[in-house]
Amino acid sequence: RGIAKLYLKQKESGCLDLNKALVLGNKDANEVIKNNCNALQKESIYYANSLMFGKYDSLQNKIVWAEPKLIDSISISFNNNEIKINNQQHSSFHFTSEGYEEKTETFTVTQYNALDQDGMKCIVRRVKFKNGNNLIQFEYADISFAYFFK
């Protein structure tokens, strides 16, 4: 399906389908992605391997996180103005602000204001740890979730 979409000039959708095929084990998709998709708006694609959920606790005035859960690898693509998560819902988040960056000795976090595909406001944080691990966090008023990737 991804190749068919590329022929129909639906590059973004075709590349998302090809990434899903790669995640599901289609090794041939990798070559097609390299030849057709890597130049999409300076897009970077990563594969998440765990997911964590959190809920805002007003008594503690912070997010209380559950233990991370291993997940089947899903692709997360970043470009200049949005993040797309290739999960069952094909979630997307469009940045509505420039990124604010903060560095510490162990990580760098970039925070954006964003709108999800349903128009709901959220905060998106991309955290790059010095040890090579990364996470992307999506925070709404009372819930939050984060994907971990290398």
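Preceding block: the structure.
Since the model is a prediction, treat every value here as computed from it, not as a measurement.

A. Representation of the side chain of E82 in the model. Relative to the assigned elements, E82 resides in strand β4 (residues 82–85). Polar contacts involving the side chain of E82 include one to the side chain of H94, which spans 3.0 Å. Those residues within four positions of E82 in sequence are excluded, and the remaining contacts are E12, S77, S92, F93, H94 and F95.

B. Just the pattern of salt bridges, in detail. Throughout the structure, instances matching the rule amount to 5 salt bridges. Among the salt bridges present, the one from E82 reaches K84, with a minimum N-O distance of 3.5 Å. Classification of K84 by relative accessible area gives buried; the value is 12%. The salt bridge partner of K103 is E101, with a shortest N-O separation of 4.0 Å. Residue classification places K103 among the exposed positions, given a relative accessible area of 60%. With relative accessibility at 46%, the residue E101 sits in the partly exposed group. Each member of the salt-bridge network shares a partner with another, and the members are R1, K5 and D17.

Cut-offs used in this document
Residues numbered from 1 in each chain as written. Predicted model: local features only at pLDDT ≥ 70, side-chain atom pairs only at ≥ 80, totals over all residues. Heavy atoms only, no water. Helix = DSSP H or I, 4+ residues; strand = E, 2+ residues; numbered from the N terminus. Polar contact = N/O pair within 3.5 Å; in protein donor to acceptor, adjacent residues only side chain to side chain. Contact = heavy atoms within 4.5 Å. Salt bridge = Lys/Arg side-chain N within 4 Å of Asp/Glu carboxyl O. Buried < 20%, exposed > 50% of the residue type's maximum accessible area, 1.4 Å probe, protein only.

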